[in-house]
Amino acid sequence: MEFLFAPMEGITKYPFRRVHHTFFPGMDAYYMPFIVANQTMSYKKKELQDIDPANNAGIPAIPQVLTNKPDQFLHAVRMLAERGYREVNFNLGCPMATEVSKKKGAGFLSVPDELDRFFDSVFNGIAADSGLSGAQIRISVKTRIGMEDAAESVRLMEIFNRYPVSRLIIHARRRSDFYKGVPDRDTFGTMLAASCHPVSYNGDLFQPEDLRQLQDRFPELDSVMLGRGLIRNPALVREMKGGEPFSEKELADYLAALFEAYREVIREENNVVHKMKELWFYLGDNFPDGKKQLKKIRKAGSTAEYLAAVSELLVI
Ligand SMILES: Cc1cc2nc3c(=O)[nH]c(=O)nc-3n(C[C@H](O)[C@H](O)[C@H](O)COP(=O)(O)O)c2cc1C
């Protein structure tokens, strides 16, 4: 089984990836939060920092691009290939209204004819570009099962199957589900059976038992992507491979390293605390008896208050 870390905008940027990879090695890949390709053919400073090979040294990191224009996508692919990346992931899952209304991310799924033309131009463009085809650049896709209706997946699979997509990562939800409700594994199964590409399952793998159930149902599956489960339990993949759950000391060291890593890149200390609180939104689930301390973490207004609250919870 191959284990992929899901891209999570605002959470899994390079400081996070570096620290997670150091403390909990064993992920096969970290898909990066999307960078936006647009008509300016330029990228934000923060995006360039995140994809900078120096910031990803030793980490199996794979960039992701959000756009719906082939020339913009190809520009991003060339820029990423120049930086040494050999796989670029295309975002067809983002549910945010700002993107969906522009037919980007999951919104692109609602116009399958346009999507088909997009892929046609992209893959022809790559074949015609000796730099890209010579470098054997792979294009993978991260998609949902549809925009409003799982039945859309039939047409989408016809499209994906027509192009040399290197890997199809399927978040088994519609855009209208956002991140809620139970993933639609029936539709996932139909897509898996129909796909002529390697498929990776994504959605609600929170404990080792969830993976076992998935494998019982789809024994041929050889790749999964995990997001929120790994933020909540950074040792989840280790556990899935039969290893130990994290100890409180391990979690404390991991969080201290994350705090330091964020401090290096975020000037305003309260924003570092804010970043850590975002992680605690998920980590808190590990401490059903820690309501009082978790509330203190949520309310912490300074580094000192934050660290004091954490050390009350993680007594080591
Ligand atoms: C805060 C947040 C940010 C996300 N950012 C991205 C992103 O940049 N690109 C992407 O393809 N998916 C993004 N996702 C979706 C995740 O990659 C993943 O598909 C989703 O969380 C379902 O997997 P999970 O149940 O294992 O968390 C994001 C999800 C969340 C909750």
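Placed above this text is the structure.
Residues numbered from 1 in each chain as written. Predicted model: local features only at pLDDT ≥ 70, side-chain atom pairs only at ≥ 80, totals over all residues. Heavy atoms only, no water.

## Some words on the side chain of Ser 153
In step 1: Along the chain, the position of Ser 153 falls in helix H7 (residues 152-162).
In step 2: Residue classification places Ser 153 among the buried residues on the basis of a relative accessible area of 6%.
In step 3: Within the structure, the side chain of Ser 153 is placed 2.6 Å from the backbone oxygen of Ala 150, a separation counted as a polar contact.
In step 4: Apart from the residues lying within four places of it in its own chain, the contact partners of Ser 153 are Ile 145, Thr 187 and Met 191. (Helix = DSSP H or I, 4+ residues; strand = E, 2+ residues; numbered from the N terminus. Buried < 20%, exposed > 50% of the residue type's maximum accessible area, 1.4 Å probe, protein only. Polar contact = N/O pair within 3.5 Å; in protein donor to acceptor, adjacent residues only side chain to side chain. Contact = heavy atoms within 4.5 Å.)

## Focus: the packing of aromatic side chains
In step 1: What the rule picks out here adds up to 20 aromatic pairs.
In step 2: Each ring, one from Phe 119 and one from Phe 160, has its centre 6.1 Å from the other, and the planes form 75°; the classification is edge-to-face. You can see Phe 119 sitting in helix H5 (residues 112-128) and its partner Phe 160 sitting in helix H7, a full 41 residues away along the chain.
In step 3: On the accessibility criterion, Phe 160 (0% relative accessible area) is buried. (Phe/Tyr/Trp six-rings, centres within 6.5 Å; stacked < 30°, edge-to-face > 60°.)

## As for the site of the ligand
In step 1: With respect to spatial proximity, 18 residues lie near the ligand, and among them Pro 7, Gln 64, Asn 202, Asp 204 and Arg 228 are the closest.
In step 2: Side-chain polar atom of Gln 64 to an oxygen atom of the ligand: 2.8 Å apart, as the coordinates give it.
In step 3: The separation between an oxygen atom of the ligand and a polar main-chain atom of Asp 204 is 2.7 Å.
In step 4: For the ligand, whose unbound accessible area comes to 620 Å², protein coverage reaches 90%. (Near = heavy atom within 4 Å. Areas by Shrake-Rupley, 256 points an atom, 1.4 Å probe, with all protein chains shown as cover.)

## Things to note about the environment of Leu 226
In step 1: Take Leu 226: it is sitting in strand E8 (residues 223-226).
In step 2: The residues contacting Leu 226, other than those within four sequence positions of it, are Phe 3, Leu 4, Phe 5, Ala 6, Asn 202, Leu 205, Leu 236, Val 237 and Met 240.

## Focus on the nonpolar core
In step 1: If you look at the biggest cluster of nonpolar residues, it comprises 97 residues, and the most contacted ones within it are Phe 119 and Trp 280.
In step 2: With eight residues, the top contributor of residues to this core is helix H12 (residues 248-265).
In step 3: Two domains each provide a minimum of three residues to this core, namely domain 1 (2-240) and domain 2 (248-313).
In step 4: If we ignore the near neighbours within four places in the chain, the residues touching Trp 280 are Leu 255, Phe 287, Leu 294, Ile 297, Tyr 306, Val 310 and Leu 313. (Core = buried A, V, L, I, M, F, W, Y, C linked by side-chain atoms within 4.5 Å. Domains from an automatic or database assignment.)

## Observations regarding the pairing of strand E4 (residues 87-92)
In step 1: Of all six residues making up E4, six are buried, and the element is well covered by its neighbours.
In step 2: The side-chain alternation of E4 yields two buried faces, one formed by Glu 87, Asn 89 and Asn 91 and the other by Val 88, Phe 90 and Leu 92.
In step 3: Where strand E3 (residues 61-66) lies against E4, two bridges are found, and the strand directions are parallel. Directly across from Gln 64, in E4, lies its bridge partner Asn 89. (Pairing = 2+ DSSP bridges.)

## Considerations on the pattern of salt bridges
Close approach of charged atoms allows side chains with opposite charge to pair.
In step 1: Within this structure, the stated rule accounts for 19 salt bridges.
In step 2: Across the pair Asp 129 and Arg 78 runs a salt bridge whose closest N-O atoms are separated by 2.6 Å. In this pair, Asp 129 is assigned in the loop between H5 and helix H6 (130-134) and Arg 78 in helix H3 (residues 70-82), connecting sequence segments 51 residues apart.
In step 3: Overall, Asp 129 belongs to the buried group, its relative accessible area being 17%. (Salt bridge = Lys/Arg side-chain N within 4 Å of Asp/Glu carboxyl O.)

Everything listed here is a matter of coordinates, which is why it stays silent on function.
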